[in-house]
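Fold and contact review
Chain residues, written in single-letter form:
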Amino acid sequence: MSIEKVRAYFKNYGMEDRIREFPVSSATVELAAVAVGVEPARIAKTLSFKLRDCVLLIVCAGDAKVDNHNHAYKAEFGGKATMLGRDEAAEQIGHAVGGVCPFAVPAEVEVYLDESLRRFQTVFPAAGSSNSAIEMNLEELEKYSRCRKWVDVCKGWRPGETRA
């Protein structure tokens, strides 16, 4: 079970008890926000993509949308990536859709954190299941996700900006 992999991963750092499991689904930003009791923007959603032979995870704020048509995205990743399907995500990342997170993933999976998260002191990424989350500050998220770098590839989260 994917949450058990994440729990074992965090046990190495004495953090496994910080994982919260809910009696309800947290599989979407909206459901996670209700389960955790925070605004949807503070949910750190992890989106999975394939670009050529590489699997990318982009972790962004719950109110942000990856804009793979903009110049910054193309400059950062060198092309347009496609989202992984349900079966592909589980197979290539080790977490099923609804519980995808940047923890306890294969070493070859590239993790990026989006600037949309920097508005918050703490955020709530999933912890490997469709009914879990863990609260982290941004330094912890950066460290434990083993992110390659921070990127600015999302839209819809800045004041006055639309998500469409």
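All figures in this text were calculated on a predicted structure; none of them were measured in a lab.

On to helix H2 (residues 29–36), then. Along H2, the residues classified as buried are Val 29, Ala 32, Ala 33, Ala 35 and Val 36. The arc enclosing the buried residues of H2, seen along the axis, measures out at 165°, which places them on a common side. Those residues of H2 that are exposed and angled more than 90 degrees off the buried face are Glu 30 and Val 34. Next to the buried residues of H2 lie strand S1 (19–21), strand S2 (43–51), strand S7 (122–125) and strand S8 (132–134).

Moving on, we get to the pairing of strand S3 (residues 54–61). Of all eight residues that make up S3, eight are buried, and the element is covered over most of its length. By the bridge criterion, eight bridges tie S2 to S3 in an arrangement that is antiparallel. Bridging across to S3, Lys 45 finds its partner in Cys 60. Note that S3 and strand S6 (residues 110–114) share four bridges and pair parallel. Within S6, the position partnered with Val 59 by the bridge is Leu 113.

Counting through the fold element by element, Lys 45 comes out in strand S2. The buried charged residue Lys 45 lacks any salt bridge partner; its closest oppositely charged side chain belongs to Asp 63, at an N-O distance of 7.3 Å. Reaching out from Lys 45, the side chain makes a polar contact with the backbone oxygen of Ala 64 at a distance of 2.6 Å.

Another aspect to go through is the pattern of salt bridges. Under the criterion given, the structure shown has nine salt bridges. Close ionic contact of Arg 119 with Asp 63 constitutes a salt bridge, the shortest N to O distance being 2.7 Å. Here Asp 63 lies in the loop between S3 and strand S4 (65–66) and Arg 119 lies in the loop between S6 and S7, a separation of 56 residues in the sequence. Each member of the salt-bridge network shares a partner with another, and the members are Glu 4, Arg 7 and Glu 21.

Here we come to the packing of aromatic side chains. Scanning all chains against the criterion turns up seven aromatic pairs. Geometrically, the ring pair formed by Tyr 13 and Tyr 144 is tilted, given 4.7 Å between the ring centres and 55° between the ring planes. Of this pair, Tyr 13 sits in the loop between helix H1 (2–11) and S1 while Tyr 144 sits in helix H5 (residues 138–145); the two residues are 131 residues apart in sequence, bridging distant segments of the chain. Take Tyr 13: its relative accessible area is 32%, and that puts it in the partly exposed class. Under the relative-accessibility criterion, Tyr 144 is labelled buried at 9%.

Not every positive phi belongs to a glycine, and Ala 104 is a case in point at roughly 55°. Topologically, Ala 104 is positioned in the loop between helix H4 (86–93) and S6. Looking at Ala 104, the relative accessible area reads 21%, which means it is partly exposed. One non-glycine residue with positive phi stands out, namely Arg 146, at about 55°. Topologically, Arg 146 is positioned in the loop between H5 and strand S10 (149–151).

Core analysis: the biggest nonpolar cluster contains 51 residues, and Phe 10, Phe 77, Ile 93, Phe 103, Leu 117, Met 136 and Leu 141 have the highest contact counts within it. Sorting the residues of this core by element identifies H1, S2, S3, helix H3 (71–77), H4, S6, H5 and S10 as the ones contributing at least two each. With eight residues, the top contributor of residues to this core is S3. Core analysis: the next-biggest nonpolar cluster, separate from the first, contains 10 residues, Val 29, Val 36, Ile 43 and Ala 133 among them.

Reading the values: the criteria
Residues numbered from 1 in each chain as written. Predicted model: local features only at pLDDT ≥ 70, side-chain atom pairs only at ≥ 80, totals over all residues. Heavy atoms only, no water. Buried < 20%, exposed > 50% of the residue type's maximum accessible area, 1.4 Å probe, protein only. Helix = DSSP H or I, 4+ residues; strand = E, 2+ residues; numbered from the N terminus. Arc of directions from axis to C-beta. Contact = heavy atoms within 4.5 Å. Pairing = 2+ DSSP bridges. Lys, Arg positive; Asp, Glu negative; His and termini not counted. Salt bridge = Lys/Arg side-chain N within 4 Å of Asp/Glu carboxyl O. Polar contact = N/O pair within 3.5 Å; in protein donor to acceptor, adjacent residues only side chain to side chain. Phe/Tyr/Trp six-rings, centres within 6.5 Å; stacked < 30°, edge-to-face > 60°. Core = buried A, V, L, I, M, F, W, Y, C linked by side-chain atoms within 4.5 Å.

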